[in-house]
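Examining the three-dimensional arrangement
Residue strings, one per chain:
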Amino acid sequence: MGGFLEGTKGLVLGVANKRSVAWACAKALRREGMQLALTFASERLEASVRKLAEELEIETVLACDVTMPDEMDRLIDGIGERLGSLDTFVHGVAFAKREELKGTYLETSREGFQIAQEVSAYSLPAMSRRLIPLMAEKGGSITTLTYIGSERVIPNYNVMGVAKAALEASVRYLAYDLGPQNIRVNAISSGPIRTLSASGIDGFTAILDTIAERAPLRRNITADEVGDVCAFLSSPLSRGVTGSTIYVDAGYHIMGL
Ligand code: NAD
Ligand code: IMJ
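Definitions and cut-offs
- Residues numbered from 1 in each chain as written.
- Chains lettered and ligands numbered in written order.
- Predicted model: local features only at pLDDT ≥ 70, side-chain atom pairs only at ≥ 80, totals over all residues.
- Heavy atoms only, no water.
- Buried < 20%, exposed > 50% of the residue type's maximum accessible area, 1.4 Å probe, protein only.
- Helix = DSSP H or I, 4+ residues; strand = E, 2+ residues; numbered from the N terminus.
- Pairing = 2+ DSSP bridges.
- Right-handed = clockwise from strand over helix to strand, strands pointing away.
- Near = heavy atom within 4 Å.
- Polar contact = N/O pair within 3.5 Å; in protein donor to acceptor, adjacent residues only side chain to side chain.
- Areas by Shrake-Rupley, 256 points an atom, 1.4 Å probe, with all protein chains shown as cover.
- Nonpolar A, V, L, I, M, F, W, Y, C, P; charged D, E, K, R; others polar.
- Axes fitted to C-alpha atoms, helices over the stretch in contact; angles between N-to-C directions.
- Contact = heavy atoms within 4.5 Å.
- Phe/Tyr/Trp six-rings, centres within 6.5 Å; stacked < 30°, edge-to-face > 60°.
- Core = buried A, V, L, I, M, F, W, Y, C linked by side-chain atoms within 4.5 Å.

Walk down a regular strand and you will see the side chains alternate between the two sheet faces. With eight of its eight residues buried, strand β6 (residues 183–190) lies for the most part within the structure. The alternating pattern of β6 places Ile183, Val185, Ala187 and Ser189 on one face and Arg184, Asn186, Ile188 and Ser190 on the opposite face, and all of these are buried. Relative to β6, strand β5 (residues 140–146) runs parallel, the two sharing seven bridges. The residue bridging Gly140 from the neighbouring strand is Ile183, located in β6. With helix α5 (residues 158–178) bridging β5 and its parallel neighbour β6, the resulting β-α-β unit is right-handed. Bridge count between β6 and strand β7 (residues 245–248): four bridges; the pairing is parallel. Residue pairing in the sheet places Ser190 in a bridge with Val248 of β7.

Once that is clear, we can look at the site of ligand 1. Every one of the 27 residues lining ligand 1 counts as a neighbour, but Gly14, Ser20, Val21, Thr195 and Ser197 are closest to it. Residue Thr195 places a side-chain N or O atom 2.5 Å away from an oxygen atom belonging to ligand 1. For ligand 1, whose accessible area on its own is 810 Å², the fraction buried by protein is 90%. Its residues assigned to classes, the shell around ligand 1 shows 16 nonpolar, nine polar and two charged.

Moving on: the site of ligand 2. Around ligand 2, a shell composed of 13 residues is seen, among which Ala96, Tyr147, Tyr157, Ser197 and Ile201 lie nearest. Here a nitrogen atom of ligand 2 and a backbone polar atom of Ala96 are 2.7 Å apart. Contacts to ligand 2 include Tyr157, whose side-chain N or O atom sits 2.7 Å from an oxygen atom. The fraction of the free accessible surface of ligand 2 (600 Å²) that becomes covered by protein chains is 89%. Residues that form the shell around ligand 2 fall into these classes: ten nonpolar, two polar and one charged.

The subject of this paragraph is unusual backbone geometry. If you check the backbone angles, Glu57 has positive phi at about 55° while not being a glycine. Mapped onto the elements of the fold, Glu57 is located in the loop between α2 (43–55) and β3 (60–63). Taking the relative accessible area as the measure of exposure, Glu57 reaches 65% and is therefore exposed. Its identity as a non-glycine residue notwithstanding, Asn182 has a phi of 60°, on the positive side.

Right, let's get into the sheet that holds β6. Strand order in this open sheet of seven strands is β3-β2-β1-β4-β5-β6-β7, and the pairing throughout is parallel. Looking along the sheet, the strands with just one partner apiece sit at the ends: β3 and β7. Across the sheet, the mean angle separating the axes of adjacent strands is 20° when strand polarity is ignored. When strand β4 (residues 88–91) meets β5, the two strands line up parallel, connected through four bridges. Counted as the bridge partner of Phe89 is Ile142 from β5. This element, α2, spans β2 (35–40) and β3 of the sheet and lies at about 165° to β2. Sheet contacts for α5: β4, β5, β6 and β7; angle to β5, the most-contacted strand, approximately 170°.

Attention now moves to the pairing of β4. Neither face of β4 is open: one carries Thr88 and Val90, the other Phe89 and His91, and all of them are buried. Here four bridges tie strand β1 (residues 9–13) to β4, and the two strands are oriented parallel to one another. From the neighbouring strand, Leu11 faces β4, where its bridge partner is Phe89. With helix α4 (residues 110–135) bridging β4 and the parallel β5, this β-α-β connection has right-handed handedness.

The subject of this paragraph is the packing of aromatic side chains. Under the definition given, this model contains one aromatic pair. Relative to Tyr157, the ring of Tyr147 lies with its centre 5.0 Å away and its plane at 75°, an arrangement referred to as edge-to-face. Of this pair, Tyr147 sits in the loop between β5 and α5 while Tyr157 is found in the loop between β5 and α5, placing the two residues ten residues apart along the sequence. Since its relative accessible area comes to 14%, Tyr147 is described here as buried. Assessed through its relative accessible area of 17%, Tyr157 is described here as buried.

With 38 residues, the main nonpolar core has Val12, Leu29, Leu38, Ile188 and Val226 as its most contacted residues. Per-element accounting of this core gives the leading share, eight residues, to helix α1 (residues 21–31). Each residue touching Leu38, except ones within four places of it in the same chain, is listed here: Val12, Val15, Trp23, Ala26, Val49, Ala53, Ile58, Thr60, Val61 and Leu62. Cys64, Met72, Ala121 and Leu134 belong to the second largest nonpolar core, which has 32 residues in total.

What follows is the structure in structure tokens.
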């Protein structure tokens, strides 16, 4: 009780398991009193997402594969029926074929490029457009998750870096489109975190070690630190902030060497 998001409602996409950054966002939003709905991307994930939802006393858990327009439509209908309106949407979804996340960007296939763009970038405007009617009355906040590999070359990030560049540009164009309706759109650029999406990535441990050594805070960040910034971006505390990418990376992005 008494959290700064008491009386607000949100939808979080991208929870796969306890390590998901979207799960940390859901925890922070719940802690501050937001009523939430979660989604699962495939039947394979349904049982685990439902179990996690129970932990936070979240009653609404719906299917949503962002490559399926009908499923996105059904999700919005379901949210309308269960929550009635929305103040917050958290987008924590990304995917590229594993073979695209090694070797050179030069070798990216047409199909691999299209999949990464569709799931990791296009899903933001596609979902946002559908959600607007639920946010229209008082405005709201849309937050997505990105990575510095959109602006600098991170070996192996490849087609995901290009998709994140499209995602961050989408944040700016959406912020302009939705500003008149008092809907804010921002991204959190997170430092590396050991999640399912970071598993099996060549050299991941070396990247964590480099950050612990060079970042101004001389450490890595936690998913909960991203969750707290997500709660801030979802709250009136950030009412003047839109179109921004906020770094939660222990300051690493300011370094030249
Ligand atoms: P994660 O694997 O837990 O989350 C990725 C989510 O995307 C999963 O829940 C998965 O089900 C979902 N997803 C994939 N394809 C989908 C589809 N077609 N439809 C719906 N959902 C789909 O990993 P994570 O690290 O928590 O990633 C969450 C976000 O954070 C991603 O956008 C990722 O790029 C970003 N990010 C992660 C890191 C990191 O180091 N882990 C750093 C910066 C940004
Ligand atoms: C991913 C690939 C290469 C380098 C990477 C990452 N670094 C970090 C990540 C340095 C931090 C994690 N990240 C920021 C992502 O956005 C990951 C996205 C991702 C991961 C996978 C792995 C499994 C798979 N497909 C994926 N699609 C997207 O099959």
